[in-house]
Protein chains: 4
Amino acid sequence: MTTYKKDLRPGGLRALGHEIIFEADTPAGKAFDVILIISIMLSVLVVMADSVHSIQVQYGKALYVLEWVFTVLFTVEYVLRLICVGKPLRYAGSFFGIVDLLAILPTYLSVFIPGSHYLTVIRVLRLLRVFRVLKLAQYVGEANVLMGALASSRRKITVFLFAVAAMVVILGSAMYVIEGEKNGFVSIPASIYWAVVTLTTVGYGDISPKTAPGQALAALVMILGYAIIAVPTGIVSAELVKGPEQKKISTQACPQCSKEGHDPDAEYCKYCGAPL
Amino acid sequence: MTTYKKDLRPGGLRALGHEIIFEADTPAGKAFDVILIISIMLSVLVVMADSVHSIQVQYGKALYVLEWVFTVLFTVEYVLRLICVGKPLRYAGSFFGIVDLLAILPTYLSVFIPGSHYLTVIRVLRLLRVFRVLKLAQYVGEANVLMGALASSRRKITVFLFAVAAMVVILGSAMYVIEGEKNGFVSIPASIYWAVVTLTTVGYGDISPKTAPGQALAALVMILGYAIIAVPTGIVSAELVKGPEQKKISTQACPQCSKEGHDPDAEYCKYCGAPL
Amino acid sequence: MTTYKKDLRPGGLRALGHEIIFEADTPAGKAFDVILIISIMLSVLVVMADSVHSIQVQYGKALYVLEWVFTVLFTVEYVLRLICVGKPLRYAGSFFGIVDLLAILPTYLSVFIPGSHYLTVIRVLRLLRVFRVLKLAQYVGEANVLMGALASSRRKITVFLFAVAAMVVILGSAMYVIEGEKNGFVSIPASIYWAVVTLTTVGYGDISPKTAPGQALAALVMILGYAIIAVPTGIVSAELVKGPEQKKISTQACPQCSKEGHDPDAEYCKYCGAPL
Amino acid sequence: MTTYKKDLRPGGLRALGHEIIFEADTPAGKAFDVILIISIMLSVLVVMADSVHSIQVQYGKALYVLEWVFTVLFTVEYVLRLICVGKPLRYAGSFFGIVDLLAILPTYLSVFIPGSHYLTVIRVLRLLRVFRVLKLAQYVGEANVLMGALASSRRKITVFLFAVAAMVVILGSAMYVIEGEKNGFVSIPASIYWAVVTLTTVGYGDISPKTAPGQALAALVMILGYAIIAVPTGIVSAELVKGPEQKKISTQACPQCSKEGHDPDAEYCKYCGAPL
């Protein structure tokens, strides 16, 4: 990292901005976050409403204006975040930094590519901040337990997904040979799609076997899918049973790098060493 | 609470009523509950039968009369419960109090809004009392273990449901952009409905992707849904494995506040202090 | 029980019959069981083949004859079992005794009620004996562990099924009111059927919501069904994790009452006290 | 085994071949495996592309040539493997030996039976080698834990599958009798297929009950399927919770018998005793 700490004197304008925008411990910071969350939800609803034909016909113009208003607001907020944080590049590269950017880009993009503004619904991910606002440290703790269980079983899950992928490729191809194009299995990729639909027990029925051997193989795939769901379930269950005791986690974000997840008694950021 | 204890002298009419209506330890109380349960089941069957067209044409009038008879009976019972219980407001505000009220309201409402009487099937919840009648203290205990496991994992489940909600919004919107209205994804809300149908592995097939990229994303959603079901399952399994030993629980209800769940050796209500 | 022990002297005809028909420890007993299992499988295949239209047209007569041959054979076997066992009534009332009877009745019944002979497929349950023949004491042990886990969680499962039943009745009725007959929800029972199809994540799609509020409620039902499957899974997982150590179990059946499940070192039947 | 160790002097051509083809510890061995994996993925993509009608029309010839090129390459590789390994018969009979053979046979077979070349997708199983190449010893360890859990619960799973098989036969036949041919249940095998589709909660909807008793039985089957999925899940969860600690495993393969799974500190093959 070549970015150095900016001047973050207590009382300085930038320190104040950081307190309001990034933290939720002061009344101003909390108010900012509550307004932000309401804005995000409204902007997502605007995008959804815009996609419904009957609403679009009647209120299309108003929704169009509203969407630009929200996008400009979020752009201003994004710029302010970059200014107020100690290490802007680190924030820009963090999960929330990327989400914040992706949440405004589609609207600008829609000037060139019509329809792409629907992708602004990614703003919904910004709502994850809700856990911070509501002082829901316990929820953050629980989420961390779940993430921890998933993380420590990621290799088992990778092996499992690899096995599933190999299975759907082979079973899908076999069905393509057995059933053929006349029964809806028009190509191997389409048959693999069918195998995924069947193995995961979704079962749309848009493609379904018609011949006796095809139905027999399909029945086998179903029972296989029904049985192997036990594997990821067992993995996560086992992790959670063994699971570590939960740590209490502070809602404070580092003023330098804006990373979270500090212990309640932490006085320095454990990622960049800046004082909290 | 501004309601004071009513006079509940042993031998008084109200005490007798409480014993019969609220408890299941005496022969009269048991008989009352058995008759009540049979009435509830019959009244639900009447409402169901009334909704079947061929039956309605032939026996419509008789069913109409029967429904009013049951509703009047249950109304009388509700009023008696209010009179006999020590703290009527507390009963009226409890789970069973609300269910008892909701079980009679729809019929009266149907005078103004035709069709609303079908909602009386909520009476089926009153059958939960069956556990008390049959002296099924152990079942109540088991139910409490399950509720306890769900309660102590409610934060994990909230986090999980929040993640699922965010996923279906984003994936649904992406499918709306990819597949578009011509393939049945008529709006973002409809596409989110599709995402829920797919992620939960229900898979109606009323909306299904037609294009290759759409099918690829759908396959991803399915595998995601197939894998993440491991999370709630793992949460509840872990809770139940850790689970506390079961407590034996009495079937007695407090004569003052009608709350249940007292220990077998309890002599006073643990909620209002009245002698049991 | 008013049935007394019959004479089962070693060397007697009846004792020999018992050894051959009920046990699998001697060569003759094993041969008998192997032939029996092959006969059962063939007879089930005959019934299945008889139901396929193209086969029925061509080989209908032969299949008809074969079915009667198998039925007569199994009838003779059933009578021999009654003769050879020490306590015929106890055998007749046991699980296998009832299955053995149900496996022959439908064919005789089909003389009066055409089509009922298809129910002879219940013979497939007789194949459970295969575990005994193959000296699969370990499988019997594992099956007992599973049955034990299910048995000790039967109350939790009852509570769960009761909750599910209440849910599908209420949700089905609500959908009947919301969607109505014009969208396929023709009656409350049909809507309850839809609720079961959806809650269990089967999702045929033969009935599916068309209106926006209906789809919203359906989405809720799906997420509910997706989440609560965690409950039975957690129950059984917890039971199996706690699960008792497996006992070795003998394949010997009591010559008096034909009950199984005796310990390897047992010298007397633990159900009727007869020497093994 | 009547095959004796071949001369595998260090520096010999065959020893060098073994090092390159079978191992992934030297740069040459790693490069070989990387090229092999890319070739396998390309060849599978070629077969898939060949099955898509629009691609086949345009690039059919090129794809045909490519497929033969890959097949010849893999044939050469297979022969080299047979030459370089110490015990060719043991390799040919091992899992990877059979997969390697099955991965080239279908193309040759397609000269006689058109269409059979699609079965070459079984090549995808060769990708399991990817774990070795990427030095993913930990993944191999995790995979072993999963396999171990499945292996030690194989008897429980067999019992479970047997019970499921008996259930679908009986329930399918019952539905055939109840619904009959006019509602799509054209034969007992077709009805058993329906029972599998329903019990596993796949639910295509290509066959679905139309009569009231049929829908009632179907609802029962669904709830059954919904509940008993708890059984395999519980079995695997319990195994994984109890699960043994993971062993670290080397990626080295034996130069004599090409078996893997040796401990990191092993100096001799634990299967044939040859020095590693």
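Only a predicted model underlies this, so the values are computations on that prediction, with no experimental measurement involved.

Participant: Lay out the overall build of chain A with the relevant residues and their values.
Facilitator: For chain A, the count of helices and strands is 12 helices and 0 strands. Listed N to C, the secondary structure of chain A is α-α-α-α-α-α-α-α-α-α-α-α in terms of helices and strands. Across chain A, the fraction of contacts at a sequence separation of at least 24, relative to all contacts at a separation of at least 6, is 58%. Surface accessibility of chain A: about 12,500 Å² in total, with carbon and sulfur atoms responsible for 70%.

Participant: Please provide a residue-by-residue account of the nonpolar core, values included.
Facilitator: Among soluble globular proteins, nonpolar side chains are generally buried collectively. A:Trp194, B:Trp194, C:Trp194 and D:Trp194 are the most contacted members of the largest nonpolar core, which totals 264 residues. Considering every element that reaches this core, the biggest residue donor is helix H9 (residues 154-179) of chain A, with 11 residues. Contact partners of C:Trp194, with chain neighbours within four places excluded, come to B:Tyr204, C:Met175, C:Phe185, C:Ile207, C:Ser208, C:Pro209, C:Ala218 and C:Val221.

Participant: How would you sum up the interface of chain A and chain B? Please name residues and give values.
Facilitator: Each partner contributes residues to the interface: chain A has 45 residues there, and chain B has 44 residues. Carbon and sulfur atoms supply 76% of the area buried between chain A and chain B, which totals about 3,800 Å² over both sides. Across the chain A-chain B interface, the total number found is 0 salt bridges. Applying the counting criterion to the chain A and chain B interface returns 7 residue pairs in polar contact (both at pLDDT 80 or more). Secondary-structure elements contributing two or more residues to the side of chain A that touches chain B are helix H2 (27-51), helix H7 (130-133), helix H8 (137-152), H9, helix H10 (188-199), helix H11 (212-228) and helix H12 (230-242) of chain A. For the side of chain A that touches chain B, the leading source of residues is H8(A), giving 7 residues. In the side of chain A that touches chain B, the residues fall into 32 nonpolar, 11 polar and 2 charged.

Participant: Could you give me a rundown of the relation of the copies chain A and chain B, with the residues and numbers involved?
Facilitator: Put simply, the second copy of the chain is the first one after a rotation about an axis and a shift along it. Once chain A has been moved 0.0 Å along the axis and rotated by 90 degrees, it coincides with chain B to within an RMSD of 0.1 Å. On the angle and the small slide along the axis, the relation comes out as a four-fold axis. Counting the interface residues of chain A, we find that no more than 18% of their copies in chain B are interface residues as well, pointing to two distinct contact surfaces.

Participant: Let's hear about the UniProt feature "transmembrane region" (unreviewed entry) in chain A: which residues, and what values?
Facilitator: Residues and elements named next belong to chain A. Mapped onto the present numbering, the UniProt feature "transmembrane region" (unreviewed entry) falls at residues 31-50, 62-83, 95-119, 157-178, 184-204 and 216-238. Across residues 31-50, helical content stands at 100% and strand content at 0%; the span's end C-alpha atoms are separated by 28 Å. Annotation note: span residues 157-178, helix share 100%, strand share 0%, distance between end C-alpha atoms 31 Å.

Participant: So what's going on with the domain arrangement of chain A? Which residues, and what values?
Facilitator: Domain assignment breaks chain A into domain 1 (2-134) and domain 2 (152-242). For domain 1 of chain A and domain 2 of chain A, the distance between their C-alpha centres works out to 40 Å.

Participant: So what about the packing of H10(A) against helix H2 (residues 27-51) of chain D? Which residues, and what values?
Facilitator: For any two helices packed against each other, one specifies the crossing angle of their axes together with the interaxial distance. Two elements in contact, H10(A) and H2(D), have axes separated by 7 Å at closest approach and are oriented at 100 degrees. Considering the angle they form, H10(A) stands roughly perpendicular to H2(D). On the side of H10(A), the interface is formed by A:Ile188, A:Pro189 and A:Ile192, while H2(D) contributes D:Val47, D:Met48 and D:Ser51.

Participant: Residue-level account of the interface of chain B and chain C, with values.
Facilitator: How big an interface is tends to be reported as the loss of accessible area on association of its parts. Tallying the contact residues gives 44 residues for chain B and 43 residues for chain C. Together chain B and chain C conceal approximately 3,800 Å² of surface at their shared face, both sides included; 76% is due to carbon and sulfur atoms. The interface formed by chain B and chain C includes 0 salt bridges. Between chain B and chain C we count 7 residue pairs in polar contact (both at pLDDT 80 or more) in total. Elements supplying a minimum of two residues to the side of chain B that touches chain C: helix H2 (27-51), helix H7 (130-133), helix H8 (137-152), helix H9 (154-179), helix H10 (188-199), helix H11 (212-228) and helix H12 (230-242) of chain B. The class makeup of the residues in the side of chain B that touches chain C is 32 nonpolar, 10 polar and 2 charged.

Participant: Explain a nonpolar patch on the surface to me, and be specific about the residues and the numbers.
Facilitator: Residues and elements named next belong to chain A. A surface patch of nonpolar side chains, about 760 Å² in accessible area, is lined by Val72, Val76, Val79, Leu80, Ile83, Ile98, Leu101, Leu102, Leu105 and Tyr108. Where the nonpolar patch is concerned, the elements lending two or more residues are helix H3 (53-84), helix H5 (95-102) and helix H6 (105-109). The greatest single-element share of the nonpolar patch, amounting to 5 residues, is contributed by H3. Within the secondary structure, Val76 sits in helix H3.

Participant: Describe the packing of aromatic side chains, naming the residues involved and giving the relevant values.
Facilitator: All names here are of chain C. Summed over the entire model, instances satisfying the criterion amount to 20 aromatic pairs over all chains. Note on Phe185 and Trp194: the rings are 5.3 Å apart at their centroids and 65 degrees apart in plane angle, and the pair reads as edge-to-face. When sorted by exposure, Phe185 lands in the same class as Trp194, which is buried.

Participant: Go over the confidence of the model for chain A with me, naming the residues and quoting the values.
Facilitator: Residue and element names in this part refer to chain A. Scored by pLDDT, chain A has a mean of 80; 79% of the residues are at 70 or more. Taken element by element, the predicted model of chain A shows its lowest mean pLDDT in H7 (61) and its highest in H10 (93). Confidence over residues 245-249 falls short of pLDDT 50; this stretch has 14 contacts with residues more than four positions distant or in other chains. Two numbers describe this predicted complex: its pTM, 0.81, and its ipTM, 0.79.

Participant: Which residues make up unusual backbone geometry, and what values go with them?
Facilitator: Non-glycine residue B:Thr201 carries a positive phi angle of around 60 degrees. Position of B:Thr201 relative to the elements: it lies in the loop between H10 and H11.

Participant: So, the pattern of salt bridges: which residues are in play, and what are the values?
Facilitator: Applying the stated criterion across every chain, the model contains 8 salt bridges over all chains. The partner of A:Arg81 in a salt bridge is A:Glu77, with the nearest N and O atoms 2.6 Å apart. Residue A:Arg81 and its partner A:Glu77 are both found in helix H3; the two are separated by 4 residues, about one turn of the helix. Each of the two residues, A:Arg81 as well as A:Glu77, counts as buried. Two residues, B:Asp100 and B:Arg81, come together in a salt bridge whose shortest N-O distance is 3.8 Å. With a gap of 19 residues between them, B:Asp100 in helix H5 (residues 95-102) and B:Arg81 in helix H3 (residues 53-84) connect regions that are remote in the sequence. Relative accessible area serves as the criterion here: at 1%, B:Arg81 is assigned to the buried category. Through salt bridges with shared partners, one network takes in A:Glu77, A:Arg81 and A:Asp100.

Procedures and definitions
- Within each chain, residue numbers correspond to sequence positions counted from 1 in written order.
- Here chains are named by letter from A upward and ligands by number from 1 upward, in the order in which they appear as written.
- It should be noted that, the model being predicted, local features are given only for residues of pLDDT at least 70 and side-chain atom pairs only at 80 or more, the latter also being counted only at that level, while totals for whole chains, interfaces and linings use all residues.
- Based on all heavy atoms of the structure, the side-chain values leave hydrogens and waters out of the count.
- For helices the rule is a DSSP run of H or I covering at least 4 residues; for strands it is a run of E covering at least 2, with both sets numbered from the N terminus onward.
- The contact criterion used throughout is that any non-hydrogen atoms of two residues lie within 4.5 Å.
- Here the open area of atoms and residues is found with the Shrake-Rupley method and a 1.4 Å probe, where only the protein chains shown may cover a residue.
- What is meant by a nonpolar core is a set of buried Ala, Val, Leu, Ile, Met, Phe, Trp, Tyr and Cys residues, joined one to another through side-chain atoms within 4.5 Å.
- In this scheme, a residue with accessible area under 20% of its type's maximum is buried, one over 50% is exposed, and one in between is partly exposed, where area comes from a 1.4 Å probe on protein chains only.
- Two parts lose some accessible area (1.4 Å probe) when they are put together, and adding that loss for both gives the buried area.
- The salt bridge definition used is simple: a Lys or Arg side-chain nitrogen within 4 Å of an Asp or Glu carboxyl oxygen.
- Counted as a polar contact is a pair of N or O atoms within 3.5 Å, where, for protein atoms, one must be capable of donating a hydrogen and the other of accepting one, and residues adjacent in sequence contribute only when both atoms are in side chains.
- When residue character is reported, Ala, Val, Leu, Ile, Met, Phe, Trp, Tyr, Cys and Pro are called nonpolar, Asp, Glu, Lys and Arg charged, and the others, Gly included, polar.
- In superposing the copies, a least-squares fit is computed on C-alpha atoms, taking residues whose pLDDT is at least 70 in both.
- UniProt positions are given in the numbering used here, feature names are shortened, and annotations may be inferred rather than shown by experiment.
- Where each domain begins and ends is defined by an automated method or by a domain database.
- Angles shown run from 0 to 180 degrees and are taken between the N-to-C directions of axes, each axis being a line fitted to C-alpha atoms and, for helices, limited to the stretch in contact.
- Roughly parallel means an angle under 35 degrees; roughly antiparallel means over 145; roughly perpendicular covers 65 to 115; every other angle is labelled oblique.
- Residues enter patches when they are more than 30% accessible in relative terms and free of salt bridges; like-charged ones are connected within 9 Å and nonpolar ones (Val, Leu, Ile, Met, Phe, Trp, Tyr) within 5 Å.
- Ring pairs are drawn from Phe, Tyr and Trp, using the six-membered ring of Trp, whenever the two centres fall within 6.5 Å, and their geometry is named by plane angle: stacked under 30 degrees, edge-to-face over 60, tilted for the rest.
- The pLDDT value tells you how sure the predictor is about a given residue, anywhere from 0 up to 100.

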